[in-house]
Amino acid sequence: MRYEEGAYRDLGWAKIDVGRPARTGTAEAVYAAGKTPAQVAGALAALREAHPGRVAVATRCDEACAAAVRERFAGEPVLVEAGVCAVGEFPAVESGPLAVVCAGTSDLPVAQEAVVTARANGLDARLTPDVGVAGLHRLLDKLPELREAVCVIVVAGMDGALPSVVAGLVSAPVVAVPTSVGYGAAFGGLAPLLTMLNSCSPGVTVVNIDNGFGAAMAAARILNVKAER
């Protein structure tokens, strides 16, 4: 069934934007924080009904939310990883490879959120973990692989220096994600955010703190990956 660009599904407590793929090429996702598990499952059901050929994604899911999703979609594939619940078969790869580079292990959940979201949108996302600037040789060992990527997402907390380093070494677009990882002067991610915004490497795109989802969606738009309509 096809939906018009302005279509939405009114659930009473929410209006699910099922027309977004037709307008933007990317589908709506459910932000689970602040919603009940039943609400998250209901919103995902509306997305699956509108677009049965697409993965329906919810981010920032806790254990109760994940349990409700698994129960609601017991007969379908459900992936739960890094607070993301993805319902349905992941699509065939449309673009990539997309490199997701993670500075430290503590940044890994945000990087994994980006990976799952990207794969749900048809990107060949490949994770390169724990290659922060404190041990730059680890990054340089992976440089040949990173230079094959058509876009690079770089996730880092602490001083937030890694995106500038990566952007100076690769030709692909770089999307930087500051995380809330770090000691007091990191100010919950504000310090790496400002570092990334002030990058001396030209052309770095910066998303909000801990926003792996937003980074993946930015990559999908940069690479012009179209959602199923």
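On a predicted model such as this, the values are computed, not experimentally measured, just so you know.

## Focus on the packing of helix 4 (residues 108-120) against helix 9 (residues 212-222)
The description of two helices packed together rests on the angle between their axes and the distance between the axes.
Right, so step 1: Where helix 4 meets helix 9, the axes come as close as 7 Å, and the angle between the chain directions of the two elements is 40 degrees. Here helix 9 runs oblique to helix 4, going by the angle between their axes. Seen along the crossing, helix 4 lies across helix 9 with a hand that is right-handed. The segment helix 4 lies against helix 9, with Val110, Glu113, Ala114, Thr117 and Ala118 engaging Gly212, Phe213, Ala216 and Met217.
Right, so step 2: A breakdown of the residues in the contact of helix 4 with helix 9 according to their chemical character gives six nonpolar, two polar and one charged.

## Examining the sheet that holds strand 9 (residues 151-156)
Right, so step 1: The five strands are arranged 8-7-9-10-11 in an open sheet whose pairing can be described as parallel. Either end of the sheet is taken by a strand with one partner, and the two such strands are strand 8 (123-128) and strand 11 (204-206). Averaged over all neighbouring strand pairs, the angle between strand axes comes to 25 degrees, with direction disregarded.
Right, so step 2: Bridge analysis of strand 9 against strand 10 (residues 174-178) gives five bridges, and the strand direction is parallel.

## Things to note about the confidence of the model for the protein
Right, so step 1: When the pLDDT values of the protein are averaged, the result is 89; 95% of them are 70 or greater.
Right, so step 2: When the elements of the protein are averaged for pLDDT, helix 1 (residues 20-24) gives the smallest value, 79, and strand 10 the largest, 97.

## Notes on the environment of glycine 19
Right, so step 1: Position of glycine 19 among the secondary structure elements: in the loop between strand 2 (15-16) and helix 1.
Right, so step 2: On the basis of relative accessible area, glycine 19 is assigned to the buried category, the value being 0%.

## A few points about the pairing of strand 10
Right, so step 1: For strand 10, a buried count of five out of five residues is recorded, marking the element as mostly surrounded by other parts of the structure.
Right, so step 2: Alternating positions in strand 10 separate into two faces, Val174, Ala176 and Pro178 on one and Val175 and Val177 on the other, with burial throughout.
Right, so step 3: Of the crossover connections in this fold, the one passing from strand 9 over helix 7 (residues 162-167) to the parallel strand 10 is right-handed.
Right, so step 4: Relative to strand 11, strand 10 is paired through three bridges, and the arrangement is parallel. The residue bridging valine 175 from the neighbouring strand is threonine 205, located in strand 11.

## Description of the environment of valine 174
Right, so step 1: When you line up the elements, valine 174 lands in strand 10.
Right, so step 2: What makes valine 174 buried here is its relative accessible area of 3%.
Right, so step 3: Taking the C-alpha atoms as reference points, valine 174 and valine 100, separated by 74 residues in sequence, lie 9.8 Å from one another.

Definitions and cut-offs
Residues numbered from 1 in each chain as written. Predicted model: local features only at pLDDT ≥ 70, side-chain atom pairs only at ≥ 80, totals over all residues. Heavy atoms only, no water. Axes fitted to C-alpha atoms, helices over the stretch in contact; angles between N-to-C directions. Helix = DSSP H or I, 4+ residues; strand = E, 2+ residues; numbered from the N terminus. Parallel < 35°, antiparallel > 145°, perpendicular 65-115°, else oblique. Left-handed = near helix turned anticlockwise from the far one by under 90°. Contact = heavy atoms within 4.5 Å. Nonpolar A, V, L, I, M, F, W, Y, C, P; charged D, E, K, R; others polar. Pairing = 2+ DSSP bridges. pLDDT = per-residue confidence, 0-100. Buried < 20%, exposed > 50% of the residue type's maximum accessible area, 1.4 Å probe, protein only. Right-handed = clockwise from strand over helix to strand, strands pointing away.

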